[in-house]
Amino acid sequence: MITILWIVGVLLAILALAFGFRWAGQMATSNAPGFRDMPLSVAFGYVFGVVLLIWAVRFYFQPLMNEQGVPVASVIFFRWAIQGLIIAMIAAFAFKQFGKFVGTEWSKKLFRSMPLTAAFGILVIIIYAIFAIFAGAIAPYGQAEILGAANVLPGGDVATGGNPDYPLGTDNIGRDILSRLIYGAQNTVGIAFITTLLAFVIGVTLGFLAATLGGWLDQLLSRGVDVLMAIPSLIFALLLMTIASVWAPRIGIPLTYFMVVIIAVIDSTRVYRLARAVALNIVVMDYIEAAKLRGEGLAYLVFREILPNATAPLLAEFGLRFCFVFLTIAALSFLGVGIQPPLSDWGTMVKDLAPFINFAQFAPLAAVTPLLAAGAIALLTVAVNFVVDWMLHKSSGLKE
Amino acid sequence: MSTLLKIRDIRLEGRSDEKWNPIINGVDLTLQKGEVLGLIGESGAGKSTLGLAAMGFTRDGVRISSGSVEFDGIDLVNASAAVKRSLLGKRIAYVAQSAAASFNPAHRIIEQHFEGPTQHGVMSKAESIADGVELYEKLRLPNPEEIGFRYPHQVSGGQLQRAMTAMAMACRPDLIIFDEPTTALDVTTQIEVLASIREIVEEYDTAAIYITHDLAVVAQMADQIKVLLKGDEVETADTRTMLSAPTQDYTKSLWAVRSFERPTKPAVIGGAVPVVSVRNVDAAYGTVPVLHDVSFDIHEGRTVAVVGESGSGKSTTARCITGLLPPKAGEIAFDGNVLPADYRKRNKDQLRQAQMIYQMADTALNPRMSIGNIIARPVQFYSGLTGKDLRARVDKLLDQIELEPSQYFNRLPSELSGGQKQRIGIARALAAEPKFIICDEVTSALDQLVAEGILRLLAKLQDELKLSYMFITHDLATVRAIADEVVVMKDGRVVEQGEKKAMFTPPHHAYTDLLLSSVPEMDPDWLTNLLQERGVDNIGDAAVGKM
């Protein structure tokens, strides 16, 4: 009850402050349009933001340990979050500045008009790509290598239970977490990329064919896709993977191959719907009619006339779809039917180390171990979405 | 008379390519109470931007950089949002070009009508509805008591445009901005809307800014005309002076556009085999019949204009000829040989012989292909030329359409103007070396000066290459300029056909007469005279219905 009163009181106080702020602004600028036409809600937003900022700064400088010498987890995590955010912003800004002055005219122009979020997204994707491609050279240990010490905490400081040989610690059976994270990039991201690509090849080809030819083929494909989409995708994938895990050893094909195909087929249904919808808008254009009347074949229509006009929405979808595929793989691995041990994979890593999250209250460092892999997944998802947002904005031709 | 609107040295800028580009460079405008000002110019001249600025409003990405807009003593540039809210809709109203796109399709017309008056507290809802019915009656909408309770898609385009005028009138504003209210309408519908607008503006002594690119229309509506060119004022004068004695070269060139007319060609020799022969064609979309027994011939080197309102079956006839819509009955013959009905069954040579130029060059050119590739593809496809020969052929085609090859070869369609795009459309058709070209409303989306250039180009190409044209249009000025023969269509039937000269001299078929008399003329008294002639209560729908 008291809490509710507190909240109401604070909100009313902010509202009063907002009113005063707007009034002061109007006085100070002698009623120029900026403050004059400002709605109270906007003023409220400004004041609320400032209050939030003050609280954040105060919270940031709270002591890390309480009187008993126990670390205060909330403050520690908050500090890490803020520091991470600042580092990310600085990195993105530096990267954008770098792009503005290095490269071709075209890329320089691109970087000039790019928002900071997109620069951050591109930077993260590049770093992930480098780790994924050169994992073997970068990682200090092998992904399946079992080292002497298990459950070494991250940080590399012996005083807090770390070991300088394993900067991010080791997992419950003594494998180096840093190495497994780097190999995980190769396995998870690489497989996700191939799967998405396959999903697009299937979905776009069929979608374009359905839109161009229409008639019974369109009906057949579309209804087939409807049927596949009616089954919840994760359950469906799980079911098929369970069947595949029985078959795979018998035929001697690695289970991972089955996983790629199964996820690609399930996800290609979504791609099909988009590709068909986009292509339907393009096939009614007069230039398609002109090409048809010229006597052009199907291949020319699809690849030369339709595909170039559909690339923007398809590319944006590729980014989003990649995230979904990637999360599906992580989820399947977490459930134990995805990428199989001893190959390292972020989903499996989260699963294996999940119990450590219970230590968060009194040993923040220990709780970090499962969060590293989860963070790697989250960071890539956010980065890809930043880039996709920017591309969608660009292709829609909106002006700010 | 007192001054209602005073715009002084206004400058507007638009944001693109990361910088502000000028749209209007210092224009003055003064409007007295009850006066109608016509604002004319080509597309991109800044007419609409200026019209909106007169309301103190700018579109997103546009700003007023300097100058003043004073409405009845109120400074609109620096007015607060609250002040503007109290003016817009109540004392200043706006009628947009496309009523169909401006009405909310989810609400009945009357619901959108009474929103303004009730919001501004001018009238109660019941009063406003009663007033709306009265306005509908004044604007001569059929069933005024009932029409407001329909949804926008349930009434025709011309009726919707009038309903929108009624909506603008709802608060009895002092000023209405009309932004090309009749551009999207057929000539016969246009007359009704023009007459209604003029009447109601006169009755309530409303001042208006009438934006259009059609001189003949503005001559009927305006007391004063202002000509804009690329954001600069060319000249301003009262309508009669402007029409009889324009002082600037640009204005004179606008006036002269309609003077282009081709010399009459000798009549076709009897017994000559026509290039294209449409024989007793019936066609339908699904089960809805569209064409009934359409027949006409097109001879070598001649232009046949097919005219009629929208929905009369002009474009459907073209689709039958190209084979996109196989006819239900009848046949299409080319040089005396009957063509397969479906284009998929025609061979490459048959496809090559008949080409098409489209109305909207924007959708007719692949936006992701360079100009060079767009033109090269048909050349390569039909003649198999490659490398240097191909390039030489494309260059020659670009020369023929009067565009510099080296400058345009690598450009994308988005980097061209509307007229240039239409020229590329022509070049693509020519690339196939056809005998026959269908021109589907090729000039209707273009400004008059640009359209005239296209017509001259088509005439020149016809003389050089002995081409035959089927020219689909609803604009009789275009027909007069370029046609040799005319086919008039209505409701999917050929109403009348013959040599152009015969068609333009009476006696006509009643429908041809209606079409011909509906084409606005530059004479400012034309509309008044026409309405008297037809009888005021007899315009438009009534006149058509009578036949």
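All of these numbers come straight from a predicted model, not from anything done at the bench.

Draft legend 1. Broad picture of the packing of aromatic side chains. Residue and element names in this part refer to chain A. Summed over the entire model, instances satisfying the criterion amount to 18 aromatic pairs over all chains. For the ring pair Phe21 and Tyr46, a centre distance of 6.2 Å and an interplane angle of 65 degrees mean the geometry is edge-to-face. One end of the pair, Phe21, is in helix α1 (residues 2-28); the other, Tyr46, is in helix α3 (residues 40-60), and 25 residues separate them in sequence. Residue Phe21 is classed as partly exposed on the basis of its relative accessible area of 33%.

Draft legend 2. Quick peek at the interface of chain B and chain A. In this assembly, 27 residues from chain B lie in contact with 22 residues from chain A. Buried surface at the junction of chain B and chain A, summed over both partners, amounts to about 2,200 Å²; 54% is from carbon and sulfur atoms. Area buried by chain B at its contact with chain A is led by Tyr358, Thr363 and Arg377 of chain B, which between them contribute 22% of it. Between Glu296 of chain A and Arg377 of chain B there is a salt bridge, and its shortest N-O distance comes to 2.6 Å. On inspection of chain B and its partner chain A, the count reaches eight residue pairs in polar contact (both at pLDDT 80 or more). When contributions to the side of chain B that touches chain A are tallied by element, the ones reaching two or more residues are β1 (3-16), α13 (314-322), α15 (361-364) and α16 (371-383) of chain B. It is α16 of chain B that contributes the most residues to the side of chain B that touches chain A, four residues altogether. Split into classes, the residues belonging to the side of chain B that touches chain A amount to 15 nonpolar, six polar and six charged.

Draft legend 3. Focus on the sheet that holds strand β12 (residues 288-298) of chain B. Residue and element names in this part refer to chain B. Strand order in this open sheet of four strands is β12-β11-β14-β15, and the pairing throughout is antiparallel. If you trace the sheet from one side to the other, it starts and ends with β12 and β15 (337-338), each paired once. One ladder, built from five bridges, connects strand β11 (residues 276-285) with strand β14 (residues 329-334); its direction is antiparallel. For Val276, the partnering residue across the bridge sits in β14 and is Phe334.

Draft legend 4. The arrangement of the environment of Gly384 of chain B in detail. Residue position: Gly384 of chain B is located in the loop between α16 and α17 (387-400). Taking relative accessible area as the criterion, Gly384 of chain B reaches 49% and is therefore assigned partly exposed.

Draft legend 5. Spotlight on the side chain of Asp286 of chain A. Along the polypeptide, Asp286 of chain A turns up in helix α12 (residues 286-294). One buried charged residue, Asp286 of chain A, forms no salt bridge at all, with the nearest opposite charge on Arg319 of chain B at 7.1 Å. Setting aside chain neighbours within four positions, we find Asp286 of chain A in contact with Tyr358, Met360, Thr363 and Ala364 of chain B.

Draft legend 6. Region of the structure containing helix α4 (residues 73-101) of chain A. Residue and element names in this part refer to chain A. For α4, which comprises 29 residues, the first-to-last C-alpha distance of 42 Å matches the rise-based estimate of 42 Å (1.5 Å per residue) to within 8%. Within α4, burial applies to Ala73, Val75, Ile76, Arg79, Ala92, Phe95, Lys96 and Gly99. The positive-phi residue at the C-terminal boundary of α4 is Gly103, with phi of around 115 degrees.

Draft legend 7. Summary view of unusual backbone geometry. Residues and elements named next belong to chain B. For Asn280, which is not glycine, the phi torsion reads 45 degrees and is therefore positive. Structurally, Asn280 can be placed in strand β11. Here Glu441, not a glycine, exhibits a phi torsion of approximately 50 degrees, which is positive. Here Glu441 lies in the loop between β17 (436-440) and α20 (448-465).

Draft legend 8. A look at the nonpolar core. All names here are of chain B. Core analysis: the largest hydrophobic core is formed by 54 residues, its most contacted members being Ile375, Leu398, Ile424, Ile426 and Leu458. Looking at this core, the element that brings in the most residues is α20, giving seven residues. Among all residues touching Leu458, those that are not within four sequence positions of it are Ile357, Ile426, Cys439, Val442, Tyr469, Phe471 and Ile482. In this structure, Ala208, Val217, Leu243 and Leu254 belong to the second largest nonpolar core, which totals 53 residues.

Draft legend 9. Inspection of a nonpolar patch on the surface at higher detail. Residues and elements named next belong to chain A. Together, Ile126, Ile127, Ile130, Phe131, Ile133, Phe134 and Ile138 line one region of the surface with nonpolar side chains, adding up to about 610 Å² of accessible area. Counting residues per element, the nonpolar patch draws most heavily on helix α6 (residues 116-133), which supplies five residues. Along the chain, Ile133 turns up in helix α6.

Draft legend 10. Structural context of the pairing of β14 of chain B. Residues and elements named next belong to chain B. Examined bridge by bridge, β14 and β15 share two bridges and lie antiparallel to one another. Residue pairing across strands places Phe334 opposite Asn337, the latter belonging to β15. As consecutive antiparallel partners, β14 and β15 are separated by two residues, and within that stretch Asp335 has a phi angle of approximately 55 degrees, a positive value.

Draft legend 11. Region of the structure containing the pattern of salt bridges. Enumeration according to the criterion identifies 34 salt bridges over all chains in this entry. Between Glu134 of chain B and Lys138 of chain B there is a salt bridge, and its shortest N-O distance comes to 3.3 Å. Of the two residues, Glu134 of chain B and Lys138 of chain B are both situated in helix α6 (residues 125-138); the distance of four residues between them amounts to about one turn of the helix. Asp362 of chain B is the salt-bridge partner of Lys421 of chain B, the closest N and O atoms lying 2.5 Å from each other. Of this pair, Lys421 of chain B sits in helix α19 (residues 418-431) while Asp362 of chain B sits in helix α15, and the two are 59 residues apart along the sequence. The partly exposed category is assigned to Asp362 of chain B, whose relative accessible area is 47%. Through salt bridges with shared partners, one network takes in Arg223, Asp226 and Arg273 of chain A.

Draft legend 12. Examining the confidence of the model for chain A more closely. Model confidence for chain A is summarised by a mean pLDDT of 86, while 98% of its residues fall at 70 or above. Across chain A, the secondary-structure element scoring lowest on mean pLDDT is helix α2 (residues 33-36) of chain A, at 75, and the one scoring highest is helix α9 (residues 215-230) of chain A, at 93.

Thresholds applied
Residues numbered from 1 in each chain as written. Chains lettered and ligands numbered in written order. Predicted model: local features only at pLDDT ≥ 70, side-chain atom pairs only at ≥ 80, totals over all residues. Heavy atoms only, no water. Phe/Tyr/Trp six-rings, centres within 6.5 Å; stacked < 30°, edge-to-face > 60°. Helix = DSSP H or I, 4+ residues; strand = E, 2+ residues; numbered from the N terminus. Buried < 20%, exposed > 50% of the residue type's maximum accessible area, 1.4 Å probe, protein only. Contact = heavy atoms within 4.5 Å. Buried area = accessible area lost by both parts, 1.4 Å probe. Salt bridge = Lys/Arg side-chain N within 4 Å of Asp/Glu carboxyl O. Polar contact = N/O pair within 3.5 Å; in protein donor to acceptor, adjacent residues only side chain to side chain. Nonpolar A, V, L, I, M, F, W, Y, C, P; charged D, E, K, R; others polar. Pairing = 2+ DSSP bridges. Lys, Arg positive; Asp, Glu negative; His and termini not counted. Expected span 1.5 Å × (residues − 1). Core = buried A, V, L, I, M, F, W, Y, C linked by side-chain atoms within 4.5 Å. Patch = residues over 30% accessible without salt bridge, like charges linked within 9 Å, V, L, I, M, F, W, Y side chains within 5 Å. Areas by Shrake-Rupley, 256 points an atom, 1.4 Å probe, with all protein chains shown as cover. pLDDT = per-residue confidence, 0-100.

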